[in-house]
Every structure is written in C-alpha cells, then in structure tokens.
Amino acid sequence: MQALKDLGKLISPIYPSLISRVGQLIEDAEQKFVRPTDESEEFIGSFLWEHTLHVASFARKIALAEGTDAFDAVIVALFHDSGKFVEGRYHDDDTPEEETASDLAQKILAEEGMDPERIATITNAITALYNEQQSASKTTDVVHDADFLAKFGYLGVANFFVKSALRQKNIYKTLITSLSKELTYAAALQANMRTVAGKEMAGKKSAATLTYYRGLLDELRDAGIAFFKIIEEAFPHPKNPDKSLTLWMAVPETCPECCSQLSFDFTIQTTTKCEKLTAKVHCVSCPNCYQVSFCLPEIAQ
Ligand SMILES: [Fe+2]
Ligand SMILES: [Zn+2]
C-alpha cells in the first residue's frame, strides 16, 4: 500500500518498529473481539487497523497541506482508536477508551525512546480528540478532520457497512439504527471541519455520501424491500444562537411491526464530554421504538 510506505518513510527512520507495533496491538485486540474463544485460525483483515491507516494517511495529507507537523499528526492518528477492542469490548460507554489509548501511547512511545515532553504533547492531543472541553492543538484538529473524512465519501460508506458486519448487523438493521446519523453527519461534514484542507476535502465526500444513500433508499423502495423516508428537522442551537442543528432522520414510512405512524421526541443531554441530541423514534400504537444520538459539536452549522 502506497499510504503505508509514505507513513513508513515519515516515522520509521526515527522509530523503526512503531508502526508495526501499533498494528500488531490493534489487530490482536480486534481478533480477541471477533473470535473470543478460537484464536487458532489466522486472522485476516483487521477493520480497525485498516481504518487507522486511512486516518493516518488523511492526517499526513492534511498536515502537509496545512504546513503543520505531519509527524505528530501521524503518531496521534496511529493511536487514536487503539483503546477500542481492548479486553474484547467495543463502544462500551462506561469505559473511557481514550484513557486506554493514551496509556498505550505513553507506554509504547517511551519504550521506543521518545522524550517525555513530546510524549505528553501526543497523549494530550489524543485525549483532546474525545473531549470537547479540552483545548485542542493543531495536531488534534488535523486528526479530528482525518477521522471524520475517513468515514464519509465512497470509502466511508464501504467502511460503514464493514463496521456494521462486525457488530453483526445486516443492511436493514444498519439503516434503521445508523442511517440518520450518517446522513446528518455527512450533511454537516464541511461545517464540522477544523482545518482549511479538511474543509476542501469534505465538500466532495459530503455530496458523494448523500447521493449514495439517497440512491440506496430509492433502490430498496423500487424493489419493494424497504420504505424509508428522509425528514429534515432543524433546531436552534441550545447554546449558540448563531448556529442551527439540522437532523436528517431516515425512518421507515410506517412502523415495521404494526404499520402505524411513527412519531419523534427530541431531548438534549449534557455529558462530561459533549452535548448530545437524542432523537427517539416511536410507534404511536405499539411499543416499537429506537433512538439515535447526535453529538452537537459535530452537527452544528
Ligand atoms: Fe477513528
Ligand atoms: Zn407499531
């Protein structure tokens, strides 16, 4: 992979084993998650390591375009998701994965001989990625943009379905639980970018994502497989009167259980990390309901 060669050229002269060590760590953790009991078979194709390399590659590209330090951005990108899958868990809200990522970076970078001051810069940039309240460095901004860009556009859609398979969701289940979020974040992608280079890349990816999903819903409808409609709901930003929030809710036209109407409730919650808007979709006549949460800082326009 050209991207891996480029990353190697940047990192390996100073830290020759760093990329392969982080790769091994992430692949091992994912293997434990995917096959908790059977480790005998060779594990091929780590989703998370592939995503990590995409983010590192975008981070390098953005940093170079911004004239900022690509070296630090790539190292932060390599560790940014390293706390996932650790101990076989995945998106477990009770466990702060960024703390795990930061601890892993601390340990590995020290073993690779990086000086403590530089390690602190890196670990601060990692934790700032997850905490809107923590002041972000330029490196954090670059990796933030790279991580979002990797999730949208043609590549992003491919990743989205691969990730769903990892959580054992089929197409319909994936669309029900996550499409509103994908559309909403895709529509807000440019406004969510923190760097000029990121903003430039985001325009194309945002449009491609929305075009793809609209086409997918049309095709499902034509084939009589699933009937989704997209409803745009705009809200004033609760904290910032200059901004608005637009949700793109992709919901079945009628309740999949009983064919009655579906209705929405919206609530805003403040967590320690950021503010969230939760949309609860529920049937007017049966108990069928589900909810989708959106991070306010990432959808404010
Ligand atoms: Fe990521
Ligand atoms: Zn119902």
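In what follows, the accompanying structure is described. Please read all numbers here as calculations on a predicted model, not as lab measurements.

The rules behind each value
- Residues numbered from 1 in each chain as written.
- Chains lettered and ligands numbered in written order.
- Predicted model: local features only at pLDDT ≥ 70, side-chain atom pairs only at ≥ 80, totals over all residues.
- Heavy atoms only, no water.
- Donors = N, O, S within 2.8 Å, 3.2 Å for Na, K, Ca; no water.
- Tetrahedral: all angles 85-135°; square planar, octahedral: opposite > 155°, others 65-115°.
- Helix = DSSP H or I, 4+ residues; strand = E, 2+ residues; numbered from the N terminus.
- Buried < 20%, exposed > 50% of the residue type's maximum accessible area, 1.4 Å probe, protein only.
- Polar contact = N/O pair within 3.5 Å; in protein donor to acceptor, adjacent residues only side chain to side chain.
- Contact = heavy atoms within 4.5 Å.

### Observations concerning the coordination of the zinc ion (ligand 2)
Only Cys255 (SG), Cys258 (SG), Cys283 (SG) and Cys286 (SG) from the protein coordinate the zinc ion (ligand 2), and they sit 2.3 Å from it. Geometry at the zinc ion (ligand 2) is tetrahedral, judged from the 4 donor atoms that bind it and their angles of 99 to 116° at the metal. The motif formed by the donor residues of the zinc ion (ligand 2), counted along the single chain, is C-x2-C-x24-C-x2-C. One end of the pair, cysteine 255, is in the loop between strand S2 (244-252) and strand S3 (262-270); the other, cysteine 283, is in strand S4 (residues 275-283), with 28 residues separating them in the sequence. Looking at cysteine 255, the relative accessible area reads 1%, which means it is buried.

### Structural notes on the side chain of histidine 80
Inspection of the secondary structure assignment puts histidine 80 in the loop between helix H4 (70-79) and helix H5 (97-111). Judged by relative accessible area, which is 1%, histidine 80 ranks as buried. Separated by 3.3 Å, the side chains of histidine 80 and histidine 51 make a polar contact. Ignoring any residue separated from it by four or fewer positions in sequence, one finds histidine 80 in contact with His51, Thr52, Val55, Ala101, Leu129, Tyr130, Val143 and Asp147.

### What to know about unusual backbone geometry
The phi dihedral of glutamine 168 is positive, around 60°, even though this residue is not glycine. Residue position: glutamine 168 is located in the loop between helix H8 (153-166) and helix H9 (171-187). For glutamine 168, a relative accessible area of 74% translates into the label exposed. Residues other than glycine seldom take positive phi values, yet cysteine 259 does so here, at roughly 70°. One can find cysteine 259 in the loop between S2 and S3. You can call cysteine 259 exposed: its relative accessible area is 58%.

### Concerning the coordination of the iron ion (ligand 1)
Here the iron ion (ligand 1) is held by the protein donor atoms His51 (NE2), His80 (NE2), Asp81 (OD) and Asp147 (OD), which lie 2.2 to 2.3 Å from it. Given 4 donor atoms and angles of 82 to 172° at the metal, the environment of the iron ion (ligand 1) is assigned as irregular. Considered as a linear motif, the donors of the iron ion (ligand 1) on their single chain read H-x28-H-D-x65-D. Of the two residues, histidine 80 sits in the loop between H4 and H5 while aspartate 147 sits in helix H7 (residues 138-149), which places them 67 residues apart along the sequence.

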